[in-house]
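The residues making up each chain are set out below.
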Amino acid sequence: MEFFRGKCKEKNLKITPQRIVIYKELLHSKDHPNAEILYERVKKIIPDISLDTVNRTLLTFSKIGIINIVEGYGEARRYDPHTENHHHFRCVNCNSIVDFDYKPYDDIIIPENIKKRFSVFSKKVLLEGYCNKCRKIK
Ligand SMILES: [Zn+2]
Ligand SMILES: [Zn+2]
């Protein structure tokens, strides 16, 4: 929450009770939810909130770097409360996305030709396959 408050202050974003609830719900979500899923969770706390508000709030948060948008896979945007460097495993069957840390991936070397063409500030490794649940069904 300190990170949240600090960022809002730095970017002049008013800290409202609604924004706090939305951020907290995302922070406690381990599944990288999209706006609709998060809206269902937030609604339990703020019954009269709209999906549009949740949507807009999440976009605002990601714009100022409070949260991250997970790379899209042709589905609705999904959000990640963890902005520090980490990596993802994605199940191609159920679309679950799980965080993991692995130091050697953080230290991955950027190819020279990429360095020449782009300025890279984030390195993420994405592993894809079947999660444990889906592996059993397959
Ligand atoms: Zn799965
Ligand atoms: Zn993540």
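Everything below is about the structure shown above.
Conventions and cut-offs
- Residues numbered from 1 in each chain as written.
- Chains lettered and ligands numbered in written order.
- Predicted model: local features only at pLDDT ≥ 70, side-chain atom pairs only at ≥ 80, totals over all residues.
- Heavy atoms only, no water.
- Donors = N, O, S within 2.8 Å, 3.2 Å for Na, K, Ca; no water.
- Buried < 20%, exposed > 50% of the residue type's maximum accessible area, 1.4 Å probe, protein only.
- Salt bridge = Lys/Arg side-chain N within 4 Å of Asp/Glu carboxyl O.
- Helix = DSSP H or I, 4+ residues; strand = E, 2+ residues; numbered from the N terminus.
- Axes fitted to C-alpha atoms, helices over the stretch in contact; angles between N-to-C directions.
- Parallel < 35°, antiparallel > 145°, perpendicular 65-115°, else oblique.
- Contact = heavy atoms within 4.5 Å.
- Nonpolar A, V, L, I, M, F, W, Y, C, P; charged D, E, K, R; others polar.
- Pairing = 2+ DSSP bridges.

1. A look at the coordination of the zinc ion (ligand 1)
Here is step 1 of the chain: Around the zinc ion (ligand 1), the protein supplies Cys91 (SG), Cys94 (SG), Cys131 (SG) and Cys134 (SG) as donor atoms, at distances of 2.3 to 2.4 Å.
Here is step 2 of the chain: Donor residues for the zinc ion (ligand 1), ordered by position in the chain, follow C-x2-C-x36-C-x2-C.
Here is step 3 of the chain: Its relative accessible area of 35% is what places Cys94 among the partly exposed residues.

2. Concerning the pattern of salt bridges
Here is step 1 of the chain: Counted under the stated rule, the structure contains 8 salt bridges.
Here is step 2 of the chain: Between Glu10 and Lys11 there is a salt bridge whose closest N-O contact spans 3.8 Å.
Here is step 3 of the chain: Among the salt bridges present, the one from Asp31 reaches Arg41, with a minimum N-O distance of 2.7 Å. With Asp31 in the loop between α2 (17-27) and α3 (35-43) and Arg41 in helix α3, this residue pair connects regions lying 10 residues apart in the sequence.
Here is step 4 of the chain: Asp31 sits in the partly exposed class, given a relative accessible area of 30%.

3. Remarks on the packing of α2 against helix α4 (residues 51-63)
Here is step 1 of the chain: It is at 11 Å that the axes of α2 and α4 come closest, and there the two elements cross at 75°. Of the possible angle classes, the one that applies to α2 and α4 is roughly perpendicular. In this structure, α2 uses Gln18, Arg19, Ile22, Tyr23 and Leu26 to contact α4, whose residues at the interface are Thr53, Val54, Thr57, Leu58 and Phe61.
Here is step 2 of the chain: Residues that form the contact of α2 with α4 fall into these classes: 6 nonpolar, 3 polar and 1 charged.

4. Some words on the sheet that holds strand β5 (residues 126-129)
Here is step 1 of the chain: Strand order in the open sheet formed by 3 strands is β4-β3-β5, with mixed pairing between adjacent strands. Looking at strand neighbours, the two that pair on one side only are β4 (97-100) and β5, the edges of this open sheet. Each adjacent strand pair in this sheet contributes to an overall mean axis angle of 20°, direction not counted.
Here is step 2 of the chain: The sheet contact formed by strand β3 (residues 87-91) and β5 spans 4 bridges and is parallel. Counted as the bridge partner of Cys91 is Gly129 from β5.

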